[in-house]
Structures are given as C-alpha cells and as structure tokens.
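# Observations on the model geometry
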Amino acid sequence: MRGNMKAIVCGSYGSPEVLVLKEVPKPSPRDNELLIRVNATSVTAGEVRLRKPDPFAVRFAFGLTKPKYPILGVVLAGVVEAVGANVTRYKPGDKVFGSAGMTFGTYAEYVCVSEDATLAAMPPEMSFEQAAAIPFGGTTALWFLRKGNIQSGDSVLIYGASGAIGTSAVQLAKHFGAHVTGVCSTVNLEMVRSLGADTVIDYMAGEMTFPEGSFDIVFDTVGESPFAACVRALKENGKYLRAVHMRPAEIIRGAWVSFTTGKKVIGGVISETADDMAFLRDLVETGSLRPVIDRTYNLEQIPEAHAYVETGRKKGNVVVTV
C-alpha cells in the first residue's frame, strides 16, 4: 500500500479559506517520474491569481467551476524518494529544486514529476527554504530578460524590483552586465540597492515619470507600471517586458505599439527548462544570485501565506516549510 500524505487542497475558487489541509493518497511514480519528498515550497502571486481566479479567463484553462488540479503549488525543494523504471538522471537521496510545472502539486508532502521537469541538483550549502526561493522568480526573470535580448551595457528599468521576480531580475540583469534602475516602495529601497541596483526610484514619492528614450529594457514584474510612460521611456528599439500581461486592453495596446513602432511589448506565458535551473544553480554557487525570503510558513499555514501574498506587499519570496 502506498499510504496517505498531508496536502493543502483547493476544492473551489475563492478566498484563502478554500485552501484546506487534508489527508490524500500518496502518489506513485510512473516509469519516467520521480517521487519527491517536498521539504519546502513557496506561495507565488500566480497561485493566488489561480485560486481567486483572476482574471475570470483563468477558469477556461484550469477548470470552469473549480481547479482542475486541486493541490496547487509549483515550486519544490526536496529529496528524491523513489524513481520510475526508466529514470536515469536522478536516484533516491538526491536533493533537487525546481518547478513541478502546470500540473502543480507541491502544496503537499510528496509530488511526482517527470524526469524531464524543470529540476536541478540543489547547491550543497543551501537550505531547502533558500532553494525554494529561487525557481519561480528566477526562471520567470530569466525568460523575460532573454526575450528582451539583454546585452552587456544595456540600461534596464525593473518595476517591482522588490518582489519575487523583481529581486531575481535585478541580480540577473547585473550578471548580464546591465545598468539597473529599480522601482520599489520606500521601505524596500536599501534592500534593492543591496541586490546590485545602480539607481533606485521610490514609486511612493510622487507621480511616476521616466526620462524619455533612456532604457533599452523596461521590465514590469508586477503588472502595475504606467503603460504610456514606460513606452516613452524606451529607446527606439527598446523592449517593454510585462510579466503580468493579461488585461485585454493592455494586450491590444501592446500589439499596437509593437506594430507601429520599433519598440516591442512582450508578455505571455514563460517556458522553463532543466537547463534554466542548472544556470540559476550555477549563479547561486558563484554568489551572483541569492535568495530573498520575506516570511516562512508551515504547510498548515498556507491559507495565511496566501492572504499575505495577496496584499501585494511581500519582499522577495514567501516560503513554506513542509
């Protein structure tokens, strides 16, 4: 018998209270899968939007009346407990971190993922909680910066520089040799500077205006940047990257800018690979990327963690110890 495990189950859409701790069957790996004991995960803004759901169109992809995958959670850091018959890349006892992908399942004690999932071996000196603070922001920031064709010497504006994606974006942009301007709230100015930002702007200090034609890349990590002002701030062939780009009006505006000017507005769903996680792991090991953790909760406190993430005030990552 495979036994049971504890998991947070989202049986319907709604407020954080729809997330309920339950005993559910422990999964068994298929021939190409790993069974991973989840030691830590994280609560992301994307999971909050899925739980609500926001926007309504989320229902068309993830279930009309309730989530198709009731155990949410994408990020994992844990230990391989068992492997399927055809798995060659990992073995029981390996410490790994990464993403379970769009089948979710990491708000639980165990999860099964494909051998080809977005995974990498954990840096040996890193805790599970620290490792869980890397994948979501790291892979998202990396995908968008590469889409923006970031080059050494570029001038990059990062809006929402203190969040999970923003803290990774600041560090990755510096790694790629860019001059980084971060935008965040007053309380986070020093933290963003400590991550390597060359200039930091306090969005609470007044109306947001940026010098016209001054940035190669503007990267909005939170979906709250002033659209017209950011487009004006771009150089002639600049890229406006929008990690949260789901409102129809903004998609239309972005398509119009991309069609009528040399500037490009880039949104969409990221793709991530095991090579991306290996790249991020190497940066962690060389000190070019460090995890930023705001708060840590346990599995039973995931509803509380969701409520906190929903405030929009978190710094870096909210991590869950399983």
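Heads up: the structure comes first, above all this text.
Sequence order as written defines the numbering, with residues in each chain counted from 1. Given that the model is predicted, a residue must reach a pLDDT of at least 70 before its local features are reported, and side-chain atom pairs must reach 80 or more before they are shown or counted; all residues, however, enter totals for whole chains, interfaces and linings. Computation of side-chain values covers all heavy atoms of the structure but excludes hydrogens and water.

### Quick notes on unusual backbone geometry
- The linkage connecting Lys52 with the following residue, Pro53, adopts the cis geometry, with an omega of -15°.
- The helix and strand labels rest on DSSP assignments: H or I over at least four residues marks a helix, E over at least two residues marks a strand, and numbering proceeds from the N terminus. Mapped onto the secondary structure, Pro53 falls in the loop between helix H1 (45–51) and helix H2 (58–62).
- In this model, Asp54 is joined to Pro55 through a cis peptide bond whose omega is 5°.
- Locating Pro55 in the fold gives a position in the loop between H1 and H2.
- Unusually for a residue other than glycine, Phe104 sits at a positive phi of about 60°.
- With respect to the element layout, Phe104 can be found in the loop between strand S5 (95–99) and strand S6 (110–114).
- Residues other than glycine seldom take positive phi values, yet Asn149 does so here, at roughly 55°.

### A closer look at the packing of helix H4 (residues 135–147) against helix H5 (residues 164–175)
- Throughout, an axis means a line fitted to C-alpha atoms (over the contacting stretch in the case of helices), and angles, computed between N-to-C directions, take values from 0 to 180 degrees. Look at H4 against H5: their axes get within 8 Å of each other, and the N-to-C directions meet at 55°. When the axes of H4 and H5 are compared, the pair comes out oblique. Between H4 and H5 lies a crossing whose hand is right-handed. Contacts between H4 and H5 involve Phe136, Gly137, Gly138, Thr140, Ala141, Leu142 and Leu145 from the first element and Ala164, Ile165, Ser168, Ala169, Leu172 and Ala173 from the second.
- Under the scheme applied here, ten amino acids are nonpolar (Ala, Val, Leu, Ile, Met, Phe, Trp, Tyr, Cys and Pro), four are charged (Asp, Glu, Lys and Arg), and all others, including Gly, are polar. Here the residues of the contact of H4 with H5 sort into 9 nonpolar, 4 polar and no charged. Any angle that is under 35 degrees is reported as roughly parallel, and any over 145 degrees as roughly antiparallel; angles of 65 to 115 degrees are reported as roughly perpendicular and all others as oblique. Put simply, a crossing is left-handed when the front helix is turned counterclockwise from the back one by less than a right angle, and right-handed when it is turned clockwise. Residues are treated as being in contact if the distance between any of their heavy atoms lies within 4.5 Å.

### A word on the sheet that holds strand S12 (residues 234–242)
- Pairing between strands requires that DSSP locate at least two bridges from one strand to the other. What the 6 strands build is an open sheet, ordered S10-S9-S8-S11-S12-S13; its pairing is parallel. Only two strands of the sheet have a single partner each, and these edge strands are strand S10 (199–202) and strand S13 (264–266). Averaged over all neighbouring strand pairs, the angle between strand axes comes to 15°, with direction disregarded.
- Pairing geometry for S12 and S13, over 3 bridges, is parallel. Paired with Leu241 across the two strands is Ile266, which belongs to S13.
- Strands in contact with H5 are strand S8 (155–159), strand S9 (179–184) and strand S11 (215–220); relative to S8, the strand with the most contacts, it is inclined by about 170°.

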